[in-house]
Amino acid sequence: MNSFGRIFRVNIFGESHGESVGINIDGIPAGLPLTVEDFLEDIERRKGGTQKGTTPRQETDLPIFKSGLFNNITTGAPLTILFENNNTRSGDYQKQRAVPRPGHADFVASKKFGGFEDYRGGGHFSGRLTVCLVAAGVIAKKLLAFPPSPGGEGQGVRLNATILEIGGETDLEKGLQKAIDAKDTIGGILECRVTGLPIGLGEPFFDSAESLLAHAAFAIPAVRGVEFGTGFAAARMFGTEHNDAIENMDGKTVTNHAGGVVGGITNGNELVFRIAVKPTSSTPKDQFTLNWETGSMETFSVKGRHDLCIALRVPVVLEAVTAIVLADLMLLEQRIPRVLTPQP
């Protein structure tokens, strides 16, 4: 439901136009230094209003720590972080309540929860809650890079997500201009790369590294597809072409068509995967859709403040969910100790 992970376990809560959104994280090792400043860079990357094509809604998004931190060091107890919602315009959603927005969860949420759901701004289904994922990702990234205790690992794992294309264009400005010219929204493709992973993370079948990463990636609103390594292109290759020949006893391969995972287990090579992000569902362009008060279809356009291209804000969120999965797997393999001892 709203929880994910086995040791590094996150529980997300809140609604877009409620008092706040937040996250509770269990399983964080004791001894991790953590301050508000650690979160600022990634939270700024996620914000709207800071780049062309994103929503003008802006929130301060300074993390408020409620538990699990003492003297700026994690205690080993569950860590709770809140983010206040201060820049809301709920009236935009009351006016259009009669028409469940195409592409949004309005219709299915109402059916599933009997009409009791908070529909303002998408409520609990909103991309607003990705700020919580980003916060958990900040902590996971710190764990992956933390200097290890004797005999431990966790140092040198680095990850980075980038936008490969927008609207089918590798020139991102050109892709964004497509949406502007059409007065519509547009999607994109992102790639995440991770270096420094050890051999052996993940399990066969249901808890394969790809299964867990795909599970987490699809928790990002607007994600429509995930592929690893050569992905769907592998279906058009010969086996001898696709197989990654092993070069040495460290497991380094000549090619990396597998994207760093074989048999569901990391093989020590670079982890490479991509996601497809759909066009933002909220578009000012007229659509013909259902009015559930009259029971008939009518012309409708979405009002309010929305992203022209949500993909622009997704890289840091993709890094976050990737780090969450990898930190959990590292803890499961005892490659990150449960009590961290900073080295001098």
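Residues numbered from 1 in each chain as written. Predicted model: local features only at pLDDT ≥ 70, side-chain atom pairs only at ≥ 80, totals over all residues. Heavy atoms only, no water.

1. A closer look at the sheet that holds strand β10 (residues 223-228)
Across a sheet, strands are paired by hydrogen bonds formed along the backbone, either parallel or antiparallel in direction.
No. 1: Here four strands make up an open sheet; going across it, the order is β8-β9-β13-β10 and the pairing antiparallel. A strand with exactly one partner marks an edge of an open sheet, and here the two such strands are β8 (158-166) and β10. Within the sheet, the average angular offset between the axes of one strand and its neighbour, ignoring direction, is 20 degrees.
No. 2: Of the pairings in the sheet, the one linking strand β9 (residues 188-195) to strand β13 (residues 271-277) comprises seven bridges and is antiparallel in character. When the bridges of β13 are listed, Cys-192 appears paired with Phe-273.
No. 3: Against the sheet, helix α8 (residues 315-332) engages β8, β9 and β13, with an angle of about 145 degrees to β8. (Pairing = 2+ DSSP bridges. Helix = DSSP H or I, 4+ residues; strand = E, 2+ residues; numbered from the N terminus. Axes fitted to C-alpha atoms, helices over the stretch in contact; angles between N-to-C directions. Contact = heavy atoms within 4.5 Å.)

2. What to know about the environment of Gly-31
No. 1: Relative to the assigned elements, Gly-31 resides in the loop between β3 (20-26) and α1 (37-46).
No. 2: Once the C-alpha coordinates of Gly-31 and Val-339 are considered, the two residues, 308 residues apart in sequence, prove to be 6.0 Å apart.

3. Points about the pairing of β9
No. 1: Here β8 runs beside β9; their pairing, made up of eight bridges, is antiparallel. Residue Glu-165 lies in a different strand from β9, and its bridge partner there is Ile-189.

4. What to know about the pattern of salt bridges
No. 1: Inspection of the entire model under this criterion finds 19 salt bridges.
No. 2: Put simply, Glu-117 and Arg-97 hold a salt bridge, and the shortest N to O gap is 3.1 Å. Remark: Arg-97 occurs in the loop between α2 (91-95) and α3 (106-112) and Glu-117 occurs in the loop between α3 and α4 (130-145); sequence separation between them is 20 residues. The same class applies to Glu-117 as to Arg-97, namely buried.
No. 3: Glu-169 is paired through a salt bridge with Lys-178; the nearest N and O atoms lie 3.3 Å apart.
No. 4: Judged by its relative accessible area of 19%, Glu-169 is buried.
No. 5: Classification of Lys-178 by relative accessible area gives partly exposed; the value is 39%.
No. 6: One salt-bridge network, held together by shared partners, links Glu-191, Arg-193, Glu-227, Glu-270 and Arg-274. (Salt bridge = Lys/Arg side-chain N within 4 Å of Asp/Glu carboxyl O. Buried < 20%, exposed > 50% of the residue type's maximum accessible area, 1.4 Å probe, protein only.)

5. A word on the packing of α1 against α8
No. 1: Between α1 and α8, whose axes approach to 7 Å, the crossing angle comes to 130 degrees. Relative to α8, α1 is oriented oblique. Of the residues in α8, those in contact with Asp-42, Arg-45 and Arg-46 of α1 are Pro-315, Val-316, Val-317 and Glu-319.
No. 2: Of the residues assigned to the contact of α1 with α8, the class counts are three nonpolar, no polar and four charged. (Parallel < 35°, antiparallel > 145°, perpendicular 65-115°, else oblique. Nonpolar A, V, L, I, M, F, W, Y, C, P; charged D, E, K, R; others polar.)

6. Thoughts on the environment of Arg-193
No. 1: Examined against the element boundaries, Arg-193 turns out to sit in strand β9.
No. 2: Taking the relative accessible area as the measure of exposure, Arg-193 reaches 35% and is therefore partly exposed.
No. 3: In contact with Arg-193, other than residues within four places in its own chain, are Arg-158, Leu-159, Asn-160, Glu-270, Leu-271 and Val-272.
No. 4: A polar atom in the side chain of Arg-193 sits 2.9 Å from the side chain of Glu-191.
No. 5: Among the polar contacts listed, one links the side chain of Arg-193 to the side chain of Glu-270, at a separation of 2.7 Å. (Polar contact = N/O pair within 3.5 Å; in protein donor to acceptor, adjacent residues only side chain to side chain.)

7. Description of the side chain of Arg-46
No. 1: Along the polypeptide, Arg-46 turns up in helix α1.
No. 2: A residue is classified by how much of its surface remains accessible, and Arg-46, at 5% relative accessible area, is buried.
No. 3: In this structure, Arg-46 is in contact with Asp-61, Gly-127, Arg-128, Thr-130, Val-131, Val-134, Arg-313, Val-316 and Val-317, ignoring residues within four places of it in sequence.

8. Overview of α4
No. 1: Taking 1.5 Å of rise per residue, the 16 residues of α4 would be expected to cover 22 Å, and the 22 Å separating its terminal C-alpha atoms lies within 8% of that figure.
No. 2: Most of α4 is tucked away: 14 of the 16 residues are buried. (Expected span 1.5 Å × (residues − 1).)

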